[in-house]
Amino acid sequence: MLQLSNAIEQENETSLVGLVREESTGKNQTDTATQYAGVKVNAKGDLDSFISGTLTNIVLVFILVVIFRQGMQRYPMMYLHGFRSGRVTAAVEDTFLGWARASAKMGFEEHVKYCGLDQAMLLQYAVMATKIALYVGLPLFCIMSPVYLIYGDGEAKERGDRLSYISMGNIKEGSTILYPINGLITLYVTWTVRREVFNAMEFFCRARIKWLRNIPSPQSTTVMVEGIPGQYQSKETLERYFAKFFNDIQDVRIVKIIPGLEDAVGTLEDAEKNLAKAEAEWAQEGNDPKKRPVTRLYRKDAIEYYTGVIQEYTDTANKLRAEAQSASSKVGGVNGTVGFVTFQNLFDANTAISQTYSANKNYWIMSQAPAPADLVWADLKVGEERATIKSFVGYSLATSLYMCFTPVCIGITNLASSVPMGPLQASWDAYAPTFGLLIFLNFTPTVLVLIFNYMFHFKSKLVAQAEVQHWYFWFLFFFVIMVTAIGQGFKDFASAVSEHPLDLPLILADKMPVATHYYLHYIAVQWMSHGMELTRYIYVFKYWTFSKLYEEETARSMSEPEDQDYYGIGSRSARFSAVFSICVIFGTLSPLLNILTAANFAMCRIMFGYLLVWAEGKKGDSGGVFFVNQLKHTLFGLVAYNLLMVGVFLRREAADNKFAAVCGVLALIYTCRSIRQLMNDFQWKTLPAEEAIDQEHHSQSTEKYIQPELVANTTSMESEKVAK
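The rules behind the values
- Chains are numbered independently. Their residues run from 1 in the order of the written sequence.
- Per-residue local features of the predicted model are confined to residues with pLDDT of at least 70, and side-chain atom pairs are confined, for both listing and counting, to 80 or more; whole-chain, interface and lining totals are unaffected and use all residues.
- Derived side-chain values reflect all non-hydrogen atoms in the structure, with water molecules and hydrogen atoms excluded from consideration.
- Each helix is a run of H or I in the DSSP string that is no shorter than four residues. Each strand is a run of E no shorter than two, and both are numbered from the N terminus.
- A simple rule labels every residue: compare its accessible area, found with a 1.4 Å probe on the protein chains alone, to the largest value its type can have, and call it buried under 20%, exposed over 50%, or partly exposed in between.
- Contacts: residue pairs with any heavy atoms within 4.5 Å of one another.
- Only the protein chains shown count as covering a residue, and every accessible area follows the Shrake-Rupley method with a 1.4 Å probe.
- In these notes, a set of buried Ala, Val, Leu, Ile, Met, Phe, Trp, Tyr and Cys residues joined through side-chain atoms within 4.5 Å is what counts as a nonpolar core.
- At least two bridges found by DSSP between two strands are what make those strands a pair.
- Each axis is a line fitted through C-alpha atoms, taken for helices only over the stretch in contact, and angles between the N-to-C directions span 0 to 180 degrees.
- Any angle between 65 and 115 degrees counts as roughly perpendicular, while under 35 counts as roughly parallel, over 145 as roughly antiparallel, and the rest as oblique.
- By the convention adopted, Pro, Cys, Tyr, Trp, Phe, Met, Ile, Leu, Val and Ala count as nonpolar, Lys, Arg, Asp and Glu as charged, and the other residues, Gly among them, as polar.
- Just to be clear on terms, a salt bridge is a Lys or Arg side-chain nitrogen sitting within 4 Å of an Asp or Glu carboxyl oxygen.
- Two rings from Phe, Tyr or Trp (for Trp, the six-membered ring) form a pair when their centres sit within 6.5 Å of each other. Planes less than 30 degrees apart are called stacked, planes more than 60 degrees apart edge-to-face, and all others tilted.
- Here, a charge over a ring is recorded when the distance from Lys NZ or Arg CZ to the ring centre is within 6 Å and its angle to the ring normal is within 35 degrees.
- In this scheme, a helix's expected span is set at 1.5 Å multiplied by one less than its residue total.
- You can read pLDDT as the predictor saying how much it trusts each residue, on a scale of 0 to 100.
- What makes a patch is a set of residues exposed beyond 30% relative accessible area and free of salt bridges, joined within 9 Å when like-charged and within 5 Å when nonpolar (Val, Leu, Ile, Met, Phe, Trp, Tyr).

1. Examining the overall build of the chain
Across its full length, the chain holds 30 helices and six strands. Classification of the 724 residues of the chain by burial places 55% in the buried group. A separation of at least 24 residues holds for 80% of the contacts in the chain among residues at least 6 apart in sequence. For the chain, the accessible area works out to roughly 32,100 Å², and carbon and sulfur atoms hold 58% of it.

2. Regarding the nonpolar core
Judged by nonpolar contacts, the single largest core of 152 residues is most densely connected at W99 and Y610. By residue number, the principal contributor to this core is helix α8 (residues 108–151), which donates 19 residues. With residues up to four places along the chain from it excluded, the contact list for Y610 reads F68, M72, Y79, L80, V92, W99, S103 and A615. Counting residues in each nonpolar core, the second largest holds 18 residues, with V225, Y241, I249 and Y357 among its members.

3. Description of the sheet that holds strand β6 (residues 365–368)
Pairing is antiparallel across the open sheet formed by four strands, whose spatial order is β4-β5-β3-β6. Across the chains shown, the open sheet's two edge strands, defined by having one partner strand only, are β4 (249–256) and β6. For this sheet, the mean inter-axis angle between neighbouring strands, taken without regard to orientation, is 25°. With respect to the sheet, helix α14 (residues 346–354) is in contact with β3 (222–226), β5 (335–343) and β6, its orientation differing from that of β6 by roughly 140°.

4. Some words on the packing of helix α4 (residues 46–74) against helix α22 (residues 516–535)
One way to put it is that α4 packs onto α22 with a least axis distance of 8 Å and a crossing angle of 10°. Put simply, α4 runs roughly parallel to α22. Here D46, S49, F50, T54, N57, I58, L60, V61, L64, V65, I67 and F68 of α4 lie close against α22, whose contacting residues are H517, L520, H521, A524, V525, W527, M528, G531, M532, L534 and T535. For the contact of α4 with α22, the per-class residue count stands at 15 nonpolar, seven polar and one charged.

5. Topic: the pattern of salt bridges
One pass over the structure, following the stated rule, counts 20 salt bridges. The partner of D48 in a salt bridge is R162, and the shortest N-O contact between them spans 3.0 Å. Highlighted residues: D48 in helix α4 and R162 in the loop between α9 (155–159) and α10 (178–214), separated in sequence by 114 residues. Salt-bridge contacts for K131 lead to E196; the nearest nitrogen and oxygen are separated by 3.6 Å.

6. Focus on the pairing of β5
Extensive coverage of β5 is indicated by the burial of eight of its nine residues. When β3 meets β5, the two strands line up antiparallel, connected through four bridges. Considered in β5, the bridge of V225 is made with G339. Bridging between β4 and β5 involves six bridges; their strand directions are antiparallel. Note that in β5 the partner of K256 across the bridge is N335.

7. Concerning the packing of aromatic side chains
Taken as a whole and assessed by the stated rule, the structure comprises 53 aromatic pairs. Both rings, one in Y518 and one in Y522, keep their centres 6.1 Å apart while their planes meet at 50°; by these two values the pair is tilted. You can see Y518 and its partner Y522 sitting in helix α22, four residues apart, about one turn around the helix. In textbook terms, an aromatic cluster arises when at least three aromatic residues are bridged by ring pairs, as seen for Y125, F204, F576, F580, F601, F608, F627 and W684. Of note, R194 hangs over the ring of F198, and the distance from its end group to the ring centre comes to 3.8 Å. The ring of W282 carries the charged tip of R292 above its face, separated from the ring centre by 4.6 Å.

8. Side note on unusual backbone geometry
In this structure, P218 follows S217 across a cis peptide bond, with omega equal to 15°. Mapping P218 onto the fold places it in the loop between α10 and β3. At the junction of E560 and P561, the peptide bond is cis and its omega measures out at -5° in the coordinates. Even without being a glycine, N287 presents a positive backbone phi close to 55°. Assignment of secondary structure puts N287 in the loop between α12 (259–284) and α13 (302–327). Overall, N287 belongs to the partly exposed group, its relative accessible area being 43%. Although it is not a glycine, R536 adopts a positive phi angle of roughly 55°. Classification of R536 by relative accessible area gives buried; the value is 3%.

9. Some words on the side chain of T671
Here T671 shows up in helix α28 (residues 659–680). In this structure, T671 is in contact with T190, L635, L638, V639 and N642, ignoring residues within four places of it in sequence.

10. A word on α22
Given 3.6 residues per turn, any residue in an α-helix points the same way as the ones three and four places further on. The terminal C-alpha atoms of α22 lie 30 Å apart, and with 20 residues this matches the ideal 28 Å at 1.5 Å per residue to within 8%. Positive backbone phi, at 55°, marks R536, one or two positions downstream of α22.

11. What to know about the confidence of the model for the chain
Mean pLDDT over the chain works out to 84, with 87% of the residues at or above the 70 mark. Here residues 1–30 scores under 50 on pLDDT; set against residues more than four positions off or in separate chains, the count is 94 contacts.

12. Some remarks on a nonpolar patch on the surface
The grouping of V59, F62, I63, I67, F96 and L97 at the surface amounts to a nonpolar patch, some 540 Å² of accessible area in total. Along the polypeptide, I63 turns up in helix α4. Classification of I63 by relative accessible area gives partly exposed; the value is 41%.

13. A word on the environment of F659
Among the secondary structure elements, F659 is positioned in helix α28. Take F659: its relative accessible area is 38%, and that puts it in the partly exposed class. When the C-alpha positions of F659 and T176 are compared, they lie 9.6 Å apart, and in sequence the two are 483 residues distant. The contacts of F659, once residues within four sequence positions are left out, are P180, L184 and E653.

Here it is as structure tokens:
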């Protein structure tokens, strides 16, 4: 249901049916991938379509804001929980735009305080994208667009393409003035993006240091140790090993592998949830003895049955815990290869991470411990050999998504097209050709999460989200941004580029500039998508359903958190950087795109600034890992922009004057050097030594690095509190 809801959200994003035209021949060419991606080339009549589509999206955003305001008044638990719970102290005015003013007024430090550094930097990325789009877009739109309109020699006018009058599509091939000017513009765009990215990285590094300082202990002083050699696989031997290097060891824990206990605790937790549900249903019946709920399978009294299961498995779990406690003193056995060492101070913890303990890199892998609540304990118990085999299968499955794009889209689309719709057939015929892409794109994050959950063993949920971010960004990059260049399919495109890599700029120049109007529509549709997220319609419906059985707070907690496949920090970060990459890549060809993108990210800053603080619950925090990935993705998008502009200049600039192409090559070299600098010149993962040695901790957390199933006599909710 959730994926179908996402599909409805993004219907307009992917519903652009058509063909790709080779301008050099003036003929239409059907490319399989572009046809089923729904990309339409720039053509006569696009201006009217763009105006009506943009106005429609503006109206829809207004309607969604009205719905959101009604939801705030009727279900404040779902829209103002941060304030009502006391987590957020900033109040929201009860006016139509009071929420927007509250969001706009809140600063970066407050964002970090209320929703964590990851979410704060997501908002900061929106600010950065808005600034770059305006820095680039205002000069281009205010100066170059009139120049294209007046002095562009009317190539777009010959085609009747009025929307291209104010873009590079109106420049006549071989222009000796406008193409050199655009060569200089390419250098300006590259310098501007690079400058703002590095300014943002420096800002982040300062924020990261402050964040590292404020991590409460024991997380701040705890090191996660992976690959513990067999002779050190017990608490006592591991502690003695580190005592050789460090004087003050506060605590040592080793992950224990007890399958029987895990199964017993899992059954116990299921029984507790079912008992709570049965008691709530009976309460709805007024606790009438004649209407006690029964189990579906055995038709027994549900309350008595689940109470008995809880008692039975509580005894079993306690017995297994006692046996594990007795066996844990022995080296190996129930003790795994992963442990946690907590030091007395930050300096020792940082020093421990920076040291080399073995010539074999598979042993003594040291890293900053994630927060206990974010750990995926089950993944820490998997053996290295099994994890390697499953990882290989997982990468193969993830890669197959790229190869399956065209055949899957064709299959789904053909199936959809064959469905008889009666009186609605005409409307369905317009929608069906893009149905394959619509389904494929919206299920991609879920498929990736399933692959990562079953085939990979990440130490924390946030590491899994970071993987989703990488794979999903590149999927969007290839099948939304570069879909026209891919043509017949990703495999054929990759093969052609590998055989003739120097032809890549020309391939991009032949295919991509003729589809800039598609991306104008795409950016405008994002506004409606953000409005849909603002309404929280999925979670409000879940809350409304659960509130029929449970108390208000219980119903809210059962409705949260958001679907982490599509709305998690990984997917959101990937979509933000993919949308901004569209602006970077096509913004010079179509200056209007910069203005639309600036409006898009200004909207993101306001809407997500509200959602993340007041509506959604606080999530786990990696301390900005996703933001660093976004900056890398932005620079990779800048590489694509440089390659595209080099190809455009080589194809269309006068044969005896390649000044613009030289500018494009220089910009490409500058970008590649910048990527290397971004990756190597910033030290942000750990505190500098002088910060660590001077740091005194005043913040103490109740979190402990104890496996929840090892805590005796707790319900599943109480075990969660131990993890937290």
